[in-house]
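So the chains spell out like this:
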Amino acid sequence: MAAMRAAPPPSGASLALLCFFLLCPPGTLLAGGIPTTLEGPFPPVTVPLDKSFRGNAVDLPDTDRRVQRTVSDFEPEQISVSLSSSYDAVWISWITGEYQIGDDITPLDPSSVGSVVYYGGSGSGRSHQATGYSLIYNQLYPFEGLENYTSGIIHHVRLKGLKPSTLHSYQCGDPSLAMSEVYYFTTMPVTGPSSYPSRVAVVGDLGLTYNTTSTVDHMLSNHPDLVLLVGDVCYANLYLTNGTGADCYSCSFPQTPIHETYQPRWDYWGRYMQPLVSKVPIMVIEGNHEIEEQAENQTFVAYSSRFAFPSKESGSSSTFYYSFNAGGIHILMLGAYISYDKSSDQYRWLEKDLAKVNREVTPWLVATWHPPWYSTYTAHYREAECMRVAMEDLLYSYGVDVVFNGHVHAYERSNRVYNYTLDPCGPVHITVGDGGNREKMAITHADEPGNCPDPSTTPDAYMGGFCAFNFTSGPAKGNFCWDRQPEYSAYRESSFGHGIFEVKNETHALWTWHRNQDLYKYAGDVIYIVRQPDKCPIKGKRNF
C-alpha cells in the first residue's frame, strides 16, 4: 500500500495555533496536524522513491580542509564530549600526536603526554582540574603488502561533580606541552520525571560523505542537546590500507586476504565532527562496519579505543553495551555483535540494569542497537532475528517505549509492535540508518513481488545465528515475507536524514524525522509517541 506525501503545511494563524497546543519545536513547519500513537495503529504508508535528490554518495577526500590536521606537535585535536551514567559527570576525549601508517611504524608512548582537563561553570572560570588516562591502538595485518597503522595518543578524562543543566567551560591537553582552546558543553538535566533534554538527535550509518555534511548541518540547525549514533561511524573498512576506496568492498576487492581498513578515515571523521561533538555530547554503539578484523583475530579496536563509554559506571564490563540517564530518560545501548543469548554476560547485565530502573524517576525507557528487528526493506531483512528471539521478551516485559536502529540505509517507523503483532504496549521501532554513508541507499522492500530473499541468505554473517523462519501465524502465515507492506510498518521512505526526539513530559514525546533534501525547518515524518502507564503498567516483569 502506498500513499502520497502529506498535504502542504497550514499557514498563518492555523499553524501558530497548531504549534501552541501541540508543543511543536520552535520554527518547525509541519504538514497538517500531528498524529499520536494513541490514534494508531496506522495504515501502512510507503512514500514513493524520489530519484531527483539521490546522486552519488561521495566521500570527503583527504584534501578537504575539514578533515585535515590543523594542529601541530602535541596540541589536542578530535575533541569530543560524551556522557557518564548520570548528569553529574561527563567524559572529555581528544587525540595528541600524529598517526603513522606504512611498513615501518613506531607507536607513540602514551605516558609521554599528560591527560588533563581544566573546567568549571561558565561564571566561575576553569577552577577545577581532572586527570584521566591515555592509550594508543594499532591496526596490524599479517600479510605482505598491507600497511599497518598506529594511532595518535588518545586521551579520556572523566569530569565529576557537575551541576545539572549548566553550561561548563573546559580546556584539555598537557599543561607542559599544549592546551586546547576553551570549549563549552551543557550538562544533562537532573534525573527525574519532570526534566528532560530539549532535543536528542538520532542518526545512524553516518559515514563521511557530502551527504554526511548535509545531515550534520541539519542536525546543527536543530540545536540538539545530545547525539545518539546508532552504529556505523566512518566506514574506514570501505578502503584498502593504501587508501583506495569503493562503494562496495566485496564487489571491488574480492580477493583481499583479510578485510582491510584504512584507519586514517577515523581521524578524518574525528576532525570533521569536532565542531559538533566538542560541545554536544555524542553516545555511540557499535555497528558492523566497526568490526575491522586485524592480526590475532582482534576486532572493534578503533571503536573501543576512540570513544569513552560509561560502561563501568553502568555496571557493564564491555564497550559493546552500557546505559545512562538523560534527565527522565533511561537509555540502553545494546550490542548486536557480541553474545546476547540468555546465558551471555550482556543478557545478565541487561536483566540487572532493567531491574534497577525506577519508572517513577525515569519514566521513559529507550533502547538502541545497530541492526533493526522490524524492517521491511530487502537489505538485511530479518538478519537480527536471533537477537530479537533472545531479547524481545525481556525488553517488552519492562516496557521499553522506543527502539532506535540503523544498519538499513533508509527510514522506517513502526506501529507499536511485539513479536510481529500489533500491541498497544509494545515499543515503537524506528530505523534511521540514513545518515549519508557511501554505500547504496536501501530502496527495495521484501514484500514487493520478486523481492523476498531466500531464508538461507538472511543469517547475520558475524554472529552466525539463524533464527528466521516462515511466519507461523498472522497474514503472512506459512511465508517468509508478507505480500504487502506489513501492518506493523507505519511509514517508510528512502531518503538521507536524521531524527529529533523531544520528550515533553512523563507521557508525551515528539519524534520528527528530517530529510536532507528539505528545507531545515520542515519535518518529513512527525508523531507524538505517547506512553500509557495506566494501561501498560510496569511491575517488574509483565506476565505473558
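Above this text is the structure in question.
Residues numbered from 1 in each chain as written. Predicted model: local features only at pLDDT ≥ 70, side-chain atom pairs only at ≥ 80, totals over all residues. Heavy atoms only, no water.

A. Quick peek at the pairing of strand S28 (residues 525-530). Here S28 lies mainly inside the structure; six of its six residues are buried. The side-chain alternation of S28 yields two buried faces, one formed by Asp525, Ile527 and Ile529 and the other by Val526, Tyr528 and Val530. Note: strand S27 (residues 508-515) against S28, six bridges, orientation antiparallel. The residue of S28 that forms the bridge with Thr512 is Val526. (Buried < 20%, exposed > 50% of the residue type's maximum accessible area, 1.4 Å probe, protein only. Helix = DSSP H or I, 4+ residues; strand = E, 2+ residues; numbered from the N terminus. Pairing = 2+ DSSP bridges.)

B. Layout of the packing of aromatic side chains. Summed over the entire model, instances satisfying the criterion amount to 34 aromatic pairs. Their ring planes at 5° and their centres at 4.0 Å tell us that Tyr411 and Trp513 sit as a pair that is stacked. Here Trp513 lies in strand S27 and Tyr411 lies in strand S21 (residues 411-414), a separation of 102 residues in the sequence. An identical accessibility class is assigned to Tyr411 and Trp513; each is buried. Grouping aromatic residues by their ring pairs yields a cluster made of Trp266, Trp269, Phe300, Tyr303, Phe307, Phe309, Phe320, Tyr322, Phe324, Tyr337 and Tyr462. The lysine or arginine in question, Arg382, covers the ring of Phe471, its NZ or CZ lying 4.2 Å from the ring centre. Just above the ring of Trp364 sits the side chain of Arg531; from NZ or CZ to the centre is 5.8 Å. (Phe/Tyr/Trp six-rings, centres within 6.5 Å; stacked < 30°, edge-to-face > 60°. Lys NZ or Arg CZ within 6 Å of the ring centre and 35° of its normal.)

C. A look at the sheet that holds strand S2 (residues 77-83). With respect to topology, four strands assemble into an open sheet ordered S2-S3-S10-S7, the strand pairing being antiparallel. For this open sheet the edge positions go to S2 and strand S7 (133-135), each flanked by a neighbour on one side alone. In this sheet, neighbouring strand axes are inclined to one another by 20° on average, regardless of whether the strands run parallel or antiparallel. Of the strand pairs in this sheet, S2 and strand S3 (residues 90-96) are connected by five bridges, and their pairing is antiparallel. When the sheet's bridge partners are listed, Ser80 is paired in S3 with Ser93. Its contacts with the sheet put helix H4 (residues 264-277) on S2 and S3, and the angle it makes with S2 is roughly 60°. (Axes fitted to C-alpha atoms, helices over the stretch in contact; angles between N-to-C directions. Contact = heavy atoms within 4.5 Å.)

D. Seen up close, a nonpolar patch on the surface. Nonpolar side chains collect at one region of the surface, where Leu167, Val182 and Tyr184 lie side by side and expose about 240 Å² of accessible area between them. Here Tyr184 is to be found in strand S13 (residues 183-186). Judged by its relative accessible area of 42%, Tyr184 falls in the partly exposed class. (Patch = residues over 30% accessible without salt bridge, like charges linked within 9 Å, V, L, I, M, F, W, Y side chains within 5 Å. Areas by Shrake-Rupley, 256 points an atom, 1.4 Å probe, with all protein chains shown as cover. Salt bridge = Lys/Arg side-chain N within 4 Å of Asp/Glu carboxyl O.)

E. Structural detail: unusual backbone geometry. For the bond running from Gly40 to Pro41, omega is 5°, close enough to zero to count as cis. In this structure, Pro41 sits in the loop between helix H1 (12-22) and strand S1 (45-46). One non-glycine residue, Gln78, lies in positive phi territory at about 55°. If you trace the backbone, Gln78 turns up in strand S2. We note that His223 has phi near 50°; this positive angle belongs to a residue other than glycine. Tracing the backbone shows His223 in the loop between helix H2 (210-221) and strand S15 (226-229). You can call His223 exposed: its relative accessible area is 59%.

F. Main features of the side chain of Thr209. Among the secondary structure elements, Thr209 is positioned in the loop between strand S14 (200-203) and H2. Polar side-chain contacts of Thr209 include one of 2.3 Å to the backbone oxygen of Gly436. Residues contacting Thr209, with those up to four places away along its chain left out, are Ala57, Val58, Asp59, Leu60, Gly436, Asn437 and Arg438. (Polar contact = N/O pair within 3.5 Å; in protein donor to acceptor, adjacent residues only side chain to side chain.)

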